Amino acid sequence: PRGIGALGYTLRRPTEERYLMTREDLTRQIVVLLGGRAAEKLVFGHLSTGAADDLSRATEIALDMVTRYGMEESLGHVAFQAEHPRFLDANGGQALAEPELHVAPATQQRIDESVRAIVGNAFDRAIAALTVNRDVLERGAAALLERETLDEQALGELGRDLQVAT
């Protein structure tokens, strides 16, 4: 949207209550978060600061996958970090503070490498999806320039032409 603040954002409404998420569910969330950054790279050939918040959120999800949910088999089925403490009334449900990881330096390096690999693979998937669907990307960008926002119906119309990236 025009004006001060975010250059743009995606608002996701849950279609159902979800308490459990698979590794693939979380990976898809990261792919979606990196879609804008991937579009910049694909269309303009370089990156900007525009996707900073999305990149931060994607990294946080990947870090949770590795340190909280035990979704990195090479590190074993262990949690290196407990659930983030929450205080709903004072902080709107946001984590109060990031708990520190108390792991050996070699383990920390493996965690860092795993997070980097998850985010990197998701970015590659976003690039592949946008490359295969470049015409949909172009039509979506044109619609945003014309109308500034796209609702669920408009996105559904664009989505009818999507192809699966291999």
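From a predicted model like this one, the values you see are computed outputs, not experimental measurements.

Criteria and cut-off values
- Residues numbered from 1 in each chain as written.
- Predicted model: local features only at pLDDT ≥ 70, side-chain atom pairs only at ≥ 80, totals over all residues.
- Heavy atoms only, no water.
- Helix = DSSP H or I, 4+ residues; strand = E, 2+ residues; numbered from the N terminus.
- Polar contact = N/O pair within 3.5 Å; in protein donor to acceptor, adjacent residues only side chain to side chain.
- Axes fitted to C-alpha atoms, helices over the stretch in contact; angles between N-to-C directions.
- Parallel < 35°, antiparallel > 145°, perpendicular 65-115°, else oblique.
- Left-handed = near helix turned anticlockwise from the far one by under 90°.
- Contact = heavy atoms within 4.5 Å.
- Nonpolar A, V, L, I, M, F, W, Y, C, P; charged D, E, K, R; others polar.
- Buried < 20%, exposed > 50% of the residue type's maximum accessible area, 1.4 Å probe, protein only.
- Salt bridge = Lys/Arg side-chain N within 4 Å of Asp/Glu carboxyl O.
- Expected span 1.5 Å × (residues − 1).

## Quick look at the side chain of aspartate 25
Position of aspartate 25 relative to the elements: it lies in helix α1 (residues 23–33). From its side chain, aspartate 25 meets the backbone nitrogen of threonine 22 in a polar contact 3.0 Å long.

## Here's the deal with the packing of helix α3 (residues 52–67) against helix α5 (residues 105–132)
Taken N-terminus to C-terminus, the directions of α3 and α5 make an angle of 125 degrees; their axes are 9 Å apart at the nearest point. With respect to each other, α3 and α5 are oriented oblique. For the pair α3 and α5, the crossing hand works out as right-handed. Here Leu55, Ala58, Thr59, Ala62, Leu63, Met65, Val66 and Thr67 of α3 lie close against α5, whose contacting residues are Ile111, Ser114, Val115, Ile118 and Val119. Residue classes in the contact of α3 with α5 are distributed as 10 nonpolar, 3 polar and no charged.

## Observations concerning unusual backbone geometry
Glycine aside, residues mostly have negative phi, and peptide bonds are mostly found in the trans state. A positive phi angle, close to 75 degrees, is found at glutamate 148, a residue other than glycine. Counting through the fold element by element, glutamate 148 comes out in the loop between α6 (134–147) and α7 (152–159). Judged by relative accessible area, glutamate 148 falls into the partly exposed class, the value being 31%.

## Brief notes about the pattern of salt bridges
A complete count under the given rule lists 9 salt bridges for this structure. The partner of glutamate 24 in a salt bridge is arginine 125, with the nearest N and O atoms 2.8 Å apart. Of this pair, glutamate 24 sits in helix α1 while arginine 125 sits in helix α5, placing them 101 residues apart in sequence. Through salt bridges with shared partners, one network takes in Glu24, Asp25, Arg28 and Arg125.

## Regarding α3
Helix length check: α3 (16 residues) gives 22 Å between terminal C-alpha atoms against 22 Å at 1.5 Å per residue, within 8%. Buried within α3 we find Ala58, Ile61, Ala62, Asp64, Met65, Val66 and Thr67. Contact partners of the buried residues in α3: α1 and α5.

## Here we look at the packing of α5 against α6
The N-to-C vectors of α5 and α6 enclose an angle of 85 degrees; their axes lie 4 Å apart at closest approach. By the angle between their axes, α5 is roughly perpendicular relative to α6. Here Leu130, Thr131 and Val132 of α5 lie close against α6, whose contacting residues are Arg134, Asp135 and Leu137. Its residues placed into classes, the contact of α5 with α6 shows 3 nonpolar, 1 polar and 2 charged.

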